[in-house]
Every structure is written in C-alpha cells, then in structure tokens.
Amino acid sequence: MNPLIHTTDFNQTPFIAIWEVTQACDLACVHCRASAQPDRHPLELSTQEGKRLIDEIAAMKTPVFVLTGGDPLKRPDLFELIQHAQTVGARVSLTPSATPLLTREMVVRLQQAGLARLAVSLDGACAATHDAFRGLSGSFARTLDAIRWANEIGLPVQINTTFSRRNIAEIDAIVALLESLKITLWSVFFLVPTGRGKLADLLDADEFEAIFAKLYQLSQTASFDIKTTEAQHYRRYALQQRTGERKAGAGMNPAAEKIADSIGRAPRGLNDGKGFVFISHTGEVYPSGFLPLRAGNVRRQSLASIYRDSPLFQSLRDTSRLEGKCGACEFKEICGGSRSRAFALTGSPLAEEPCCSYIPRGYVPTKHIRARPQELHVLQGA
C-alpha cells in the first residue's frame, strides 16, 4: 500500500488530483457532470502544459492521480502523458469511456505505457439499464470486456457506479455482478445534480442511508475495497456501526482478503478542496469536478499555490465555517458532507449536506433562505 495514505497533510498536499485531460467523449451519459461533447476543445492544455502539470503533481507527492474526461482516449498524446507520469513518479489511474476506442490492444498499450489502474463505469446490472445510462448501445458489453482484458494482463481494475433513481432498484443485482468479477475497488458515486445530472434523479437522505447499510454489510465480506464519492457521510455511518458492534461485544466480520494494488485508499476527512483537487481540460482548478467554483488556472499559477493559498480552498478546509447541522455535527472532521451537493442545491458550498438524515446531538435547526431548485448551479465547460 502507498505509505503516504496516512501522512498527507491536506493543507499542503491533495490526496487525490484529477486532471480532466479532455471533455471530448462519444457517450452521452445522463448524469455527466461535464456535459461532454464529441469534439476536443481547442484550448485544452497542450502536451507540454500537461507534462508541467504532471511534474507539479509528482513534486507535491500526491498519492492518487487520475486522468479523466470526457474520454481520455480521445487525446492522441495520452500514452506520452502516462509515460511521463511514470518517469517522474506519479502513479496514474485512467477512466476511459466504454466506446469502440476501448479495445484489447488499447488496454495492453495503456499498461505498457505505465498505467497503474484502469477504472471503468458500471451503472446497471444489465445492458438495458447501463446502456440507457451511458447513451450508447454496447457500452455494457464493452465494459465487461475491458475488465476481462485488464484481468488477463494483471492490470488492476476499479469499478465506478453512480446511483440515482434510474438504477437504484438494481443495486442488489449490481453487487451480485461485481462479486463475480475480479476488481480492486468499487467506487460508489452519489449523484450531484450538476451538468446533465437532474434534480429529479437525486436520491433522498433515507435512501442514502439504505445504500450505506448495504455497502457496510458488503464491506465485511467482499474481496474488493469500497469507497464512496460525494457521500462523505458514509464515514459517519460506518463509524456508528463499528462503535455499535464494539459496545455489543461483537467483533467485525472477518473481511475476505482484498485484491491489492499500489494505489492507496483515501483517509477520513477527505472532501472537496480538502485533500481533493480537480484540474479542467483548460487548466481551471476546482475543489471537485462537481463543484463549479474556480480557484485559479495552472497556466497562470502553480497548482500548489492555488491548492494551498486560494481563499476558496482554505475555506473548504475550515470545518468551523460549515453551516447548519454540518457545522454542529460531532462527525464533521471525518465527514463534512458533500460540499458539491450543498452548492448545487443551495448556492452555498458551506451549507449543510442536503441528503443526510443524521441529526447532531442537541442540534436545533434554524431556517435559512437558499436557492430554489430551479436555480441550481450547473458546471458547464469545466
């Protein structure tokens, strides 16, 4: 495991850096935060600018570095960028789209270039659900093919699943499918209504808790790790469960041996802008790909100075500034709620998590005037 997992100072270094190398993509996913389009943007970071960015990320000793999109496979210099990252000591994960560009040969070339982990999306237990989610027939079959191709050459695989009203009914079937696959990590995304993501598809707080229960139970026996994205309050749920088990005198169920690779798991407290940084295809720096508040641009400033010194990032790392029940919560240092979802539904990145059912001890809610749902902030072109 990566030795930097438990030593990263979030005030100085992001634990996860995600670079959106392009917004070009041949899919039309119903939840796409980037509202991706088929063609590349003329102002994308160039190869040399990308290499300088990679150098900065390596110099910051960021444990997890992800190349995403759009579809990264739409960039002709992708192999050169991965090779450069390996040369300077940055471990790279990649999130390609399951289109005809993703072939067995492509998977092999990615590993040869130095890719450390392949992350593919699986948003349904069957082709009908997944392909409708992704807007392309055949995407489900190609995703399963890519997993098999990666397994054949020993390339670790991560599965990303975004839950919303469109696929929540299939959660048990999705889990059963995952348990039949050889994967390292299941990253469970919870919808943020931004980009093409719709407010009507957002699950409510009780539904979040029901998914948390399933994830926690699965974590006791699964051969792969489980993490959540934009559901920071799963950490609160898991801690409550472990505390309850200890009080009851029951030990945790012995977890199955996990499939290991060299990319570490995120520590507690990770949040948008707090151990997490997102760089857009044009160099704009955000606390998250789901939080459309710009803090600077790597063409004009160093990534380190933006991450460490921008007022936006500093405010997001200061839990004393959290509002509502998040500010009063005894779990705020390990959780903090989704800053992206708070912004999408209220207009304030410091507002309380809208999809959390937990009421902090002694908390008395106060009324706040917030943006109406039809005034949702949408991340376009970032």
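One can find the structure itself at the top, above this paragraph.
Residues numbered from 1 in each chain as written. Predicted model: local features only at pLDDT ≥ 70, side-chain atom pairs only at ≥ 80, totals over all residues. Heavy atoms only, no water.

Q: Quick question: what am I supposed to make of the sheet that holds strand S10 (residues 296-297) here?
A: The pairing of strands in a sheet comes from backbone hydrogen bonds and takes either a parallel or an antiparallel form. A sheet is described by the order of its strands in space; here 10 strands give the open sequence S7-S6-S5-S4-S3-S2-S1-S8-S9-S10, paired in mixed fashion. Two strands close off the open sheet at either side, each with one partner strand: strand S7 (225-229) and S10. Bridge count between strand S6 (residues 185-190) and S7: 5 bridges; the pairing is parallel. Within the sheet, the bridge partner assigned to Trp186 lies in S7 and is Ile226. (Pairing = 2+ DSSP bridges. Helix = DSSP H or I, 4+ residues; strand = E, 2+ residues; numbered from the N terminus.)

Q: Help me out: how do you make sense of the nonpolar core in this one?
A: Soluble globular proteins: nonpolar side chains tend toward being buried together. In this structure, Trp19, Phe65, Leu110 and Trp186 are the most contacted members of the largest nonpolar core, which totals 92 residues. Element by element, the count of residues in this core is highest for helix H7 (residues 205-219), at 6 residues. Among all residues touching Leu110, those that are not within four sequence positions of it are Leu73, Leu78, Phe79, Ile82, Leu94, Leu115 and Leu118. Residues Phe331, Ile334, Cys335 and Tyr358 belong to the second largest nonpolar core, which totals 7 residues. (Core = buried A, V, L, I, M, F, W, Y, C linked by side-chain atoms within 4.5 Å. Buried < 20%, exposed > 50% of the residue type's maximum accessible area, 1.4 Å probe, protein only. Contact = heavy atoms within 4.5 Å.)

Q: Can you walk me through the pairing of S6 in this structure?
A: Along any regular strand, the residues point their side chains to alternate faces of the sheet. When you tally the buried positions in S6, you get 6 out of 6 residues, the bulk of the element. As defined by bridge partners, strand S5 (residues 157-163) adjoins S6 across 6 bridges and the pair is classed as parallel. Paired with Phe163 across the bridge in S6 is Phe190. The parallel pair S5 and S6, bridged by helix H6 (residues 171-179), forms a crossover whose chirality is right-handed. For the crossover from S6 across H7 to S7, the handedness is right-handed. (Right-handed = clockwise from strand over helix to strand, strands pointing away.)

Q: Is there a simple way to explain the side chain of Thr282 in this structure?
A: Residue position: Thr282 is located in the loop between strand S8 (276-279) and strand S9 (284-286). Sequence-distant contacts of Thr282, that is, excluding residues within four places in its chain, are made with His41, Leu43, Glu44, Leu45, Asn297 and Arg299.

Q: Help me understand the pattern of salt bridges in this model?
A: Note on pairing: side chains with opposite charge can pair once their charged atoms come close. Tallied over the full model, the rule gives 17 salt bridges. A salt bridge links Glu44 to Arg75, with the shortest nitrogen-to-oxygen separation between them at 3.7 Å. With Glu44 in the loop between strand S1 (16-20) and helix H1 (47-59) and Arg75 in the loop between strand S2 (64-68) and helix H2 (78-88), this residue pair connects regions lying 31 residues apart in the sequence. We note that Glu44, like Arg75, is buried. With a closest N to O distance of 2.8 Å, Arg165 and Glu207 form a salt bridge. Of this pair, Arg165 sits in the loop between S5 and H6 while Glu207 sits in helix H7, placing them 42 residues apart in sequence. A residue is classified by how much of its surface remains accessible, and Arg165, at 38% relative accessible area, is partly exposed. You can call Glu207 partly exposed: its relative accessible area is 24%. What emerges from the salt-bridge pattern is a single network uniting Arg40, Glu44, Arg75 and Asp77. (Salt bridge = Lys/Arg side-chain N within 4 Å of Asp/Glu carboxyl O.)

Q: Before we go on, may I ask you to explain H7 in this structure?
A: Between its terminal C-alpha atoms H7 stretches 21 Å, which fits the 21 Å expected from 15 residues at 1.5 Å a residue. Buried within H7 are the following residues: Ala205, Phe208, Glu209, Ile211, Phe212, Leu215, Tyr216, Leu218 and Ser219. Tucked into the core, H7 has its buried residues touching S5, H6, S6, S7, helix H8 (234-247) and helix H12 (339-346). For H7, the side-chain oxygen to backbone nitrogen distance between the N-cap and Asp206 is 3.2 Å, and the N-cap itself is Asp204. (Expected span 1.5 Å × (residues − 1). Polar contact = N/O pair within 3.5 Å; in protein donor to acceptor, adjacent residues only side chain to side chain.)

Q: Explain the packing of H1 against H2 here, please?
A: Packed helices, taken two at a time, are described by the angle between their axes plus the distance between the axes. Packing of H1 against H2 leaves a shortest axis separation of 10 Å and a crossing angle of 30°. Here H1 is positioned roughly parallel relative to H2, judged by the angle of their axes. For H1 against H2, the interelement crossing comes out right-handed. Along its contact with H1, which presents Thr47, Gly50, Lys51, Ile54, Asp55 and Ala58, the element H2 presents Glu80, Leu81, His84, Ala85 and Val88. (Axes fitted to C-alpha atoms, helices over the stretch in contact; angles between N-to-C directions. Parallel < 35°, antiparallel > 145°, perpendicular 65-115°, else oblique. Left-handed = near helix turned anticlockwise from the far one by under 90°.)

Q: Please explain the environment of Arg268 as it appears in this structure.
A: Residue placement: Arg268 occurs in the loop between H8 and S8. Excluding its chain neighbours within four sequence positions, the residues that come into contact with Arg268 are Phe10, Arg235, Leu239, Arg242 and Ile334.

Q: When you look at the packing of helix H4 (residues 127-134) against helix H5 (residues 139-153) in this model, what are you seeing that I'm missing?
A: Packing of H4 against H5 leaves a shortest axis separation of 8 Å and a crossing angle of 100°. Between H4 and H5, the crossing angle belongs to the class labelled roughly perpendicular. Residues Ala127, His130, Asp131 and Arg134 of H4 touch H5, and the partners they reach there are Ser139, Phe140 and Thr143. Tallied by class, residues from the contact of H4 with H5 come to 2 nonpolar, 3 polar and 2 charged. (Nonpolar A, V, L, I, M, F, W, Y, C, P; charged D, E, K, R; others polar.)

Q: Mind showing me how you'd approach the packing of aromatic side chains here?
A: For any pair of aromatic rings, geometry is given as the distance between the ring centres together with the angle between the planes. Counting across every chain of the model gives 10 aromatic pairs. Between the aromatic rings of Phe212 and Tyr234, the centroid separation amounts to 5.4 Å while the plane-to-plane angle is 55°, which identifies the pairing as tilted. Of this pair, Phe212 sits in helix H7 while Tyr234 sits in helix H8; the two residues are 22 residues apart in sequence, bridging distant segments of the chain. On the basis of relative accessibility, which here comes to 0%, the residue Phe212 falls in the buried class. Here Tyr234 falls in the buried class, since its relative accessible area comes to 9%. Taken together, the ring pairs connect Phe190, Phe208, Phe212, Tyr216, Tyr234 and Tyr237 into an aromatic cluster. Directly above the ring of Phe79 sits Arg109, whose terminal nitrogen or CZ lies 3.9 Å from the centroid. (Phe/Tyr/Trp six-rings, centres within 6.5 Å; stacked < 30°, edge-to-face > 60°. Lys NZ or Arg CZ within 6 Å of the ring centre and 35° of its normal.)

In short, shape yes, function no, at least from these values alone.
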